[in-house]
Structures are given as C-alpha cells and as structure tokens.
Amino acid sequence: METLRYTFEYEVVSSGEKSEFSQMATSKEEAAALIVARIADLEFTGEEDIKLGDLIAISKQVGDNYVACEGCAS
C-alpha cells in the first residue's frame, strides 16, 4: 500500500478554534486513528477536547513536494 498525506479539519472544543492538520498513512482510517493524538499534543490539550472534522485533501509525495491526488481516494 502507498503512503499518502491525509489532511483533516479539526476543532478544539474548549476554545472553538478550527484548523487543519495532516497525517501520513496508508489509509484514511489509519490517518484518522493517529491524528487526534498528534493534534492534541500540538494544541496542548487532551484528545477528548479534539473534534475531528472532514477529510479535506489527500496528497501524494512527488519528489520533495506533495500534490493533490484526485484518484487517491481509499
């Protein structure tokens, strides 16, 4: 399986702040399972304070860059 970069929207429930973050993974499900803990660390809060939103982009690494991948839906 190919590793892709999955970008999700998220919200910090306690502050209402919204942003986006990405996770490298081999599937959308794997990325979703890993990303909440990483966002919680980034936002200095607990995992229960993070509401994961929609998947907004899937990117594929080409050389040193990432490009949008229309055919990468898993």
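### Examining the overall build of the chain
Looking only at helices and strands, one finds one helix and four strands in the chain. In the chain, the order of α-helices and β-strands from amino to carboxyl end is β-β-α-β-β. A buried classification covers 28% of the 74 residues belonging to the chain. Taking all contacts inside the chain whose residues are at least 6 apart in sequence as the whole, residues at least 24 apart take part in 43%. A total of about 4,800 Å² of accessible surface is found on the chain, and carbon and sulfur atoms cover 47% of it.

### Thoughts on the nonpolar core
Tyr6, Tyr10, Ile35, Ile39 and Ile50 are the most contacted members of the largest nonpolar core, which totals 14 residues. Of all the secondary-structure elements, those providing two or more residues to this core are strand 1 (4-12), strand 2 (17-25), helix 1 (28-43) and strand 3 (50-62). With residues up to four places along the chain from it excluded, the contact list for Ile39 reads Tyr10, Phe21, Ile50 and Leu52.

### Let's talk about the pattern of salt bridges
Following the criterion strictly, the structure yields one salt bridge and no others. Across the pair Lys60 and Glu2 runs a salt bridge, and its minimum N-O distance is 3.7 Å. With a gap of 58 residues between them, Lys60 in strand 3 and Glu2 in the segment before strand 1 connect regions that are remote in the sequence.

### A few points about helix 1
Taking 1.5 Å per residue as the helical rise, helix 1 with its 16 residues ought to reach 22 Å, and the 22 Å between its terminal C-alpha atoms agrees with that figure. At Ile35, helix 1 is deflected by roughly 30 degrees, the largest bend along its length. Buried within helix 1 are the following residues: Ala31, Ile35, Val36, Ile39 and Ala40. Where helix 1 ends, the next residue or the one after it, Phe44, has phi of about 55 degrees, a positive value.

### Details of unusual backbone geometry
One non-glycine residue with positive phi stands out, namely Phe44, at about 55 degrees. One can find Phe44 in the loop between helix 1 and strand 3. When its relative accessible area of 80% is taken as the criterion, Phe44 is described as exposed.

### Focus: the pairing of strand 1
Every other side chain in a regular strand lies on the same face of the sheet, so the side chains alternate between the two faces. As paired strands, strand 1 and strand 2 are joined by nine bridges and run antiparallel to one another. The residue bridging Phe8 from the neighbouring strand is Phe21, located in strand 2. Connecting the antiparallel pair strand 1 and strand 2 is a turn made up of four residues, with Gly16 showing a positive phi of about 80 degrees.

Conventions we followed
- Residues numbered from 1 in each chain as written.
- Predicted model: local features only at pLDDT ≥ 70, side-chain atom pairs only at ≥ 80, totals over all residues.
- Heavy atoms only, no water.
- Helix = DSSP H or I, 4+ residues; strand = E, 2+ residues; numbered from the N terminus.
- Buried < 20%, exposed > 50% of the residue type's maximum accessible area, 1.4 Å probe, protein only.
- Contact = heavy atoms within 4.5 Å.
- Areas by Shrake-Rupley, 256 points an atom, 1.4 Å probe, with all protein chains shown as cover.
- Core = buried A, V, L, I, M, F, W, Y, C linked by side-chain atoms within 4.5 Å.
- Salt bridge = Lys/Arg side-chain N within 4 Å of Asp/Glu carboxyl O.
- Expected span 1.5 Å × (residues − 1).
- Bend = angle between axes of the 7 residues up to and from the residue.
- Pairing = 2+ DSSP bridges.

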